[in-house]
Amino acid sequence: PAKTGHTGVWKIDDTIITNETVWKYLENKTAKAVYEQIQYSIEFVVDGKVIETKHFTINDKTITEPAIPTKEGYTGRWEDYTLTPSNKTITVNAIYTPNEYTLAFESDTSVDSIKVTYDGKITNLPEVPAKTGHTGVWKIDDTIITNETVWKYLENKTAKAAYTKLSYLVKF
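Quantities reported herein were computed from a predicted structural model and do not represent experimental measurements.

Student: I would appreciate a short explanation of the environment of V9 in the present structure.
Tutor: With respect to the helices and strands, V9 occurs in strand β1 (residues 6-12). It is 8.9 Å that separates the C-alpha atoms of V9 and E36, two residues lying 27 residues apart in sequence. If sequence neighbours within four positions are ignored, V9 has contacts with I16, K32, A33 and V34.

Structure (structure tokens):
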């Protein structure tokens, strides 16, 4: 008889009985159903590559997932899945979310901060406070940042207002 999540055969003693079996016994015999659990497969995939395949049976409610590989600047997790018996292999993909950091701004007149994400452009950069007779830019360490700058830092940072004195050329 069929049993969900199992394959089965009829056996007499240790001999499998099928529709093709020729009866060679001189007495009545009882065939017993012998079941074996089906092994189902689940693949864990990172960036299109299978990093590990696990197996489970109908009785398994959970499995031990492989460690998700680290990816600089990102937090990883396995996508949600259910251990459902299937003729197809279950595929579970790694999902990576860019980490969020704080970018603080310091100038002579103000302090402010914004949230930035790894690998994302700094799109909400505030204006550098005006300083009479100067032009200003934001700098992290010695690097000028703009709304086109892609965040590649793995920590919170502070941008400081850097000013250059305007010079004028007067000709007579």
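Once you've had a look at it, read on.
Student: How should the nonpolar core be read in this particular structure?
Tutor: A general tendency of soluble globular proteins is for nonpolar side chains to be buried together. One finds L103, F105, I122, W138, I145 and W151 to be the most contacted residues of the largest nonpolar core, which totals 15 residues. In terms of residues, this core owes the most to one element, strand β8 (residues 100-106), which gives three residues. In this structure I145 touches L103, F105, I122, L125, W138, I140 and A159, once residues within four positions along its chain are discounted. Listed in part, the 12 residues of the second largest apolar core include Y40, I63, W78 and I90.

Student: Which parts of the structure should I look at to understand the sheet that holds strand β11 (residues 143-145)?
Tutor: Backbone hydrogen bonds are what pair the strands of a sheet, in a parallel or an antiparallel way. The strand order β9-β8-β12-β10-β11 describes an open sheet built from five strands, whose pairing is mixed. Two strands lie at the open edges of the sheet, namely β9 (111-117) and β11, each paired on one side alone. Put simply, the sheet's adjacent strands are angled 40° from each other on average, direction ignored. With four bridges joining them, β8 and strand β12 (residues 157-165) adopt parallel strand pairing. The residue bridging F105 from the neighbouring strand is A159, located in β12.

Student: Looking at this structure, how should I read the side chain of N99?
Tutor: On the secondary structure map, N99 appears in the loop between β7 (90-98) and β8. Judged by its relative accessible area of 19%, N99 is buried. A distance of 2.5 Å separates polar atoms of two side chains, one belonging to N99 and the other to T75. Residue contacts for N99: discarding those within four places in its chain leaves G73, Y74, T75, V116, T117 and Y118.

Student: Is there a simple way to think about the side chain of T57 in this case?
Tutor: Along the chain, T57 falls in the loop between β5 (49-56) and β6 (74-78). You can call T57 buried: its relative accessible area is 7%. Separated by 3.3 Å, the side chains of T57 and Q37 make a polar contact. Apart from the residues lying within four places of it in its own chain, the contact partners of T57 are Q37, I38, Q39 and Y40.

Student: What's the story with the pattern of salt bridges in this structure? I'm lost.
Tutor: Once their charged atoms are close, side chains differing in charge can pair, the charge on each being opposite to the other. Applying the stated criterion across every chain yields a total of nine salt bridges. A salt bridge links E52 to K54; the nearest nitrogen and oxygen atoms lie 3.4 Å apart. D119 serves as the salt-bridge partner of K152, at 2.2 Å between the closest nitrogen and oxygen. Here K152, found in the loop between β11 and β12, pairs with D119, found in the loop between β9 and β10 (134-140); they are 33 residues apart in sequence, far enough to count as distant. With a relative accessible area of 48%, K152 lands in the partly exposed category. A relative accessible area of 33% means that D119 is categorised as partly exposed.

Student: Can you help me understand the environment of I16 in this one?
Tutor: In this fold, I16 is placed in strand β2 (residues 15-17). Not counting chain neighbours up to four residues away, the residues in contact with I16 comprise V9, W10, K11 and T21.

Student: What's the story with the sheet that holds strand β3 (residues 32-37) in this structure? I'm lost.
Tutor: Spatial strand order, β2-β1-β3: three strands in an open sheet with antiparallel pairing. Two strands bound the open sheet, and with one partner strand each, they are β2 and β3. Looking at each pair of strands side by side, their axes are set apart by 50° on average, direction ignored. In the sheet, β1 pairs with β2 via three bridges, with the strands oriented antiparallel. In the strand pairing of β2, K11 is matched with I16.

Rules used throughout
- Residues numbered from 1 in each chain as written.
- Predicted model: local features only at pLDDT ≥ 70, side-chain atom pairs only at ≥ 80, totals over all residues.
- Heavy atoms only, no water.
- Helix = DSSP H or I, 4+ residues; strand = E, 2+ residues; numbered from the N terminus.
- Contact = heavy atoms within 4.5 Å.
- Core = buried A, V, L, I, M, F, W, Y, C linked by side-chain atoms within 4.5 Å.
- Buried < 20%, exposed > 50% of the residue type's maximum accessible area, 1.4 Å probe, protein only.
- Pairing = 2+ DSSP bridges.
- Axes fitted to C-alpha atoms, helices over the stretch in contact; angles between N-to-C directions.
- Polar contact = N/O pair within 3.5 Å; in protein donor to acceptor, adjacent residues only side chain to side chain.
- Salt bridge = Lys/Arg side-chain N within 4 Å of Asp/Glu carboxyl O.

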